[in-house]
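Residue-level structural notes
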Amino acid sequence: MSIKKQFIKTKPVCKVTFSVVAKEANLASVVGDFNNWNPSEGELSKLKNGTFKGAFELPKDTSYEFKYVIDGAFINEPESDSFKWNDYAGTENGVLTV
């Protein structure tokens, strides 16, 4: 799993690329504050090597709670910038700061 951030000088956004290895999975998404926790808005593409990957432009100078959804299971990104307890979910969410 990994997160790559690329700040765009001409826009107030950061291009964030999420990737997660899930060779046996059929579907993977990234969900969070930036897409209203909607898996269809955060769908990742499966590559031939079994990695799911997707890039999203997110407004910078903001922090977002997020998780991966892999075949319906919610998974945290171990390389998150930090973690935050979420009472609604009853668990920690990863935090992405851009």
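Residues numbered from 1 in each chain as written. Predicted model: local features only at pLDDT ≥ 70, side-chain atom pairs only at ≥ 80, totals over all residues. Heavy atoms only, no water.

Sheet architecture is open: four strands sit in the order β1-β2-β5-β4, paired in antiparallel fashion. Both outer strands of the open sheet, β1 (2–7) and β4 (45–46), are each paired with one neighbouring strand and no more. Where β1 and strand β2 (residues 13–21) come together, six bridges link them in antiparallel fashion. Its bridge partner lying in β2, I3 is registered against F18. (Pairing = 2+ DSSP bridges. Helix = DSSP H or I, 4+ residues; strand = E, 2+ residues; numbered from the N terminus.)

Two side chains with opposite charge may pair up if their charged atoms get near one another. For the coordinates displayed, the defined rule picks out three salt bridges. When the shortest N-O distance is used, the salt bridge between D81 and K5 registers 2.8 Å. Of this pair, D81 sits in the loop between β7 (73–75) and β8 (82–86) while K5 is found in strand β1, placing the two residues 76 residues apart along the sequence. A relative accessible area of 40% means that D81 is categorised as partly exposed. Where K84 meets E65, a salt bridge forms, and the shortest distance between an N and an O atom there is 3.6 Å. Of this pair, K84 sits in strand β8 while E65 sits in strand β6 (residues 63–70), and the two are 19 residues apart along the sequence. Residue classification places E65 among the buried positions, given a relative accessible area of 11%. (Salt bridge = Lys/Arg side-chain N within 4 Å of Asp/Glu carboxyl O. Buried < 20%, exposed > 50% of the residue type's maximum accessible area, 1.4 Å probe, protein only.)

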